Each structure stands twice: as C-alpha cells, then as structure tokens.
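# Residue-level structural notes
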Amino acid sequence: MLGSCADSCEGSIETLVLYAKPGPKAVGRSIYVNVVNKPDLGIKQSLMYEGKEFGTFENVVIINDPTNRFASNRTICFSKFRQEAATTGGDLMEEGLPVITVE
C-alpha cells in the first residue's frame, strides 16, 4: 500500500508529513515524517529551522524519496522499507534521525 493514505492504513505503517527538502546531492527529496502507528521506528526530536523551533514530534524519521514518489502527500503509508545510515548535519538540526527508503 503506497502513496496517499485513505481513511486508515490497516496493516501498514502510517506517517504524517512534516517537512520536505531536496534530497542528498539534490536528488529527489528527504521527507521528514512523524510515525503514527509504529513508535519504535522514529525518535522524539525538536526540529529547528533557521534558528527557530519548527516543532517537537514524538516519532520522527526521514523518508529518502529519490524519485519524488511522495512529493505531494500529506500522509504516507507503507509496509516494506529498508533502514539507511542516520543523518548528520542539516538545516533542521536532524543529527541522528533514522532514515528509511520505502520499497
């Protein structure tokens, strides 16, 4: 079940999109999401942008979206994913945030 979520994501992981920015080396997008129904996937994080707090969220993870598949989504549902290396640096102070690629 990929793409925009319907009323529920039964059997799938559901996330709410917080922010998106150009991906690594300007390929695709890095999508910051708050995981709704699998809290062990993300971590609690206060996101900062240009020195101001963007917000604190309970289960933040970054979805690597190299093909812009989720560019206009407000929610993203998926079942299969692979873990990537955690983030370093960045303009939202995302040091150590989990990164995944949805399959």
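Scoring rules and cut-offs
Residues numbered from 1 in each chain as written. Predicted model: local features only at pLDDT ≥ 70, side-chain atom pairs only at ≥ 80, totals over all residues. Heavy atoms only, no water. Helix = DSSP H or I, 4+ residues; strand = E, 2+ residues; numbered from the N terminus. Buried < 20%, exposed > 50% of the residue type's maximum accessible area, 1.4 Å probe, protein only. Contact = heavy atoms within 4.5 Å. Areas by Shrake-Rupley, 256 points an atom, 1.4 Å probe, with all protein chains shown as cover. Pairing = 2+ DSSP bridges. Phe/Tyr/Trp six-rings, centres within 6.5 Å; stacked < 30°, edge-to-face > 60°.

Let us now look at the overall build of the protein chain. On a plain count of helices and strands, the protein chain comes out with zero helices and seven strands. Each of the 103 residues in the protein chain was classed as buried or not, and the buried ones make up 43%. Within the protein chain, residue pairs in contact and separated by at least 24 positions form 57% of the contacts whose partners lie at least 6 positions apart. Of the roughly 5,800 Å² that the protein chain leaves accessible, carbon and sulfur atoms contribute 51%.

One non-glycine residue, Lys25, lies in positive phi territory at about 55 degrees. Along the polypeptide, Lys25 turns up in the loop between strand 1 (13-22) and strand 2 (29-35). At Asn68, a residue that is not glycine, the phi angle is positive and equals roughly 60 degrees. For Asn68, the position within the fold is in the loop between strand 4 (52-65) and strand 5 (75-78).

Moving on to the pairing of strand 2. The element strand 2 is largely enclosed, with a buried count of six among its seven residues. Of the strand pairs in this sheet, strand 1 and strand 2 are connected by seven bridges, and their pairing is antiparallel. Bridge pairing links Leu16 to Asn34 in strand 2. Hairpin geometry of strand 1 and strand 2 is characterised by an intervening segment of six residues between the two adjacent antiparallel strands and by a positive phi of about 55 degrees at Lys25. Here six bridges tie strand 2 to strand 4, and the two strands are oriented antiparallel to one another. Each residue of the ladder has a partner; that of Ile31, found in strand 4, is Ile63.

Turning our attention to the packing of aromatic side chains. Enumeration over the complete set of coordinates arrives at four aromatic pairs. Judged by centre distance (5.7 Å) and plane angle (65 degrees), the ring pair of Tyr19 and Tyr32 falls under edge-to-face. Here Tyr32 lies in strand 2 and Tyr19 lies in strand 1, a separation of 13 residues in the sequence. Here Tyr19 falls in the buried class, since its relative accessible area comes to 19%. On the accessibility criterion, Tyr32 (1% relative accessible area) is buried. A ring pair is formed by Phe54 and Phe57, whose centres lie 6.3 Å apart and whose planes are at 50 degrees; its orientation type is tilted. Since its relative accessible area comes to 36%, Phe54 is described here as partly exposed. Taking the relative accessible area as the measure of exposure, Phe57 reaches 18% and is therefore buried. Through a chain of ring-to-ring contacts, the aromatic side chains of Tyr19, Tyr32, Phe54 and Phe57 assemble into a single cluster.

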